[in-house]
Amino acid sequence: QAQLVESGGGLVQAGESLRLSCEVSGITFSRLGMGWFRQAPGKEREFVAGLAWNALRAQYRESVKGWFTISRNNANKTLYLQMNNLKPEDTAIYFCAVENAYGLGMFRTPPSSWGQGTQVTVSS
């Protein structure tokens, strides 16, 4: 069974940066699309960024384009999310996810696996 362990969350002030990591085990990892979702208090879980198996195609929600960067290291089976210029509205639990099909990181179907999440809190 797939295991995804997120880390790197924390408390920062607006304008600062964080890098999240997701260590993956139990799956091949290569040839699989990967991504990040987040869930803020009282809100639905939402897509943040996705990355194709070969890291050549990335998807981002509009609000984070130009500020967040998703990347992966297939040798170490780790997914990353570099978050720059964080804003209070970015406060959420961030979840790593495995794409169910296609491997392009577009998440047109529900993810096949989730991590437990890591908390990101951005203060004004």
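Residues numbered from 1 in each chain as written. Predicted model: local features only at pLDDT ≥ 70, side-chain atom pairs only at ≥ 80, totals over all residues. Heavy atoms only, no water.

**A look at the state of the cysteines**
- For the structure on display, the rule yields one disulfide.
- Here Cys22 engages in a disulfide with Cys96; their sulfurs sit 2.1 Å apart. Negative torsions about the S-S bond denote left-handed disulfides, and the value of about -80 degrees found for Cys22 with Cys96 makes this one left-handed. One end of the pair, Cys22, is in strand β3 (residues 18-25); the other, Cys96, is in strand β9 (residues 92-98), with 74 residues separating them in the sequence. (Disulfide = S-S within 2.5 Å. Helix = DSSP H or I, 4+ residues; strand = E, 2+ residues; numbered from the N terminus.)

**Some remarks on the packing of aromatic side chains**
- According to the stated counting rule, one finds five aromatic pairs in the structure shown.
- With a centroid separation of 5.2 Å and 85 degrees between ring planes, the pair formed by Phe37 and Phe107 is classed as edge-to-face. Taken together, the positions of Phe37 in strand β4 (residues 34-39) and Phe107 in the loop between β9 and β10 (113-114) put the pair 70 residues apart, joining distant regions of the chain.
- Ring centres of Phe37 and Trp114 lie 5.0 Å apart, and the angle between their planes is 75 degrees; this geometry places the pair in the edge-to-face category. Taken together, the residues span a long stretch of sequence, with Phe37 in strand β4 and Trp114 in strand β10 at a distance of 77 residues.
- Residue Trp114 is classed as partly exposed on the basis of its relative accessible area, which comes to 35%.
- Lying over the aromatic face of Trp114, Arg45 brings its terminal NZ or CZ to 4.6 Å of the ring centre. (Phe/Tyr/Trp six-rings, centres within 6.5 Å; stacked < 30°, edge-to-face > 60°. Buried < 20%, exposed > 50% of the residue type's maximum accessible area, 1.4 Å probe, protein only. Lys NZ or Arg CZ within 6 Å of the ring centre and 35° of its normal.)

**Description of the sheet that holds strand β7 (residues 68-73)**
- Spatially, four strands are ordered β1-β3-β8-β7 in an open sheet, and the strand pairing comes out antiparallel. Either end of the sheet is taken by a strand with one partner, and the two such strands are β1 (3-7) and β7. Between one strand and the next, the sheet's axes are offset by a mean angle of 15 degrees, whatever the strand orientation.
- When β3 meets strand β8 (residues 78-83), the two strands line up antiparallel, connected through six bridges. (Pairing = 2+ DSSP bridges. Axes fitted to C-alpha atoms, helices over the stretch in contact; angles between N-to-C directions.)

**Section: the nonpolar core**
- Core analysis: the biggest nonpolar cluster contains 27 residues, and Met34, Trp36, Val48, Phe68, Leu81, Met83 and Tyr94 have the highest contact counts within it.
- Sorting the residues of this core by element identifies β3, β4, β5 (46-51), β7, β8, β9 and β11 (118-123) as the ones contributing at least two each.
- Setting aside residues up to four positions removed in sequence, Met83 forms contacts with Glu16, Ser17, Leu18, Leu20, Trp67, Phe68, Tyr94 and Val120. (Core = buried A, V, L, I, M, F, W, Y, C linked by side-chain atoms within 4.5 Å. Contact = heavy atoms within 4.5 Å.)

**Some thoughts on the layout of surface pockets**
- A volume near 180 Å³ is recorded for the largest pocket.
- Along the wall of the largest pocket there are 14 residues; nearest its centre are Arg38, Glu46, Ser63, Glu89 and Asp90.
- A breakdown of the residues in the lining of the largest pocket according to their chemical character gives four nonpolar, three polar and seven charged. (1 Å grid on protein atoms, 1.4 Å probe; cavity = no way out; pocket = protein on both sides within 12 Å on 5 of 7 lines; lining within 4 Å. Points joined across faces, edges and corners; volume = space filled by probe spheres on them. Nonpolar A, V, L, I, M, F, W, Y, C, P; charged D, E, K, R; others polar.)

Purely geometric numbers; function is a separate question.
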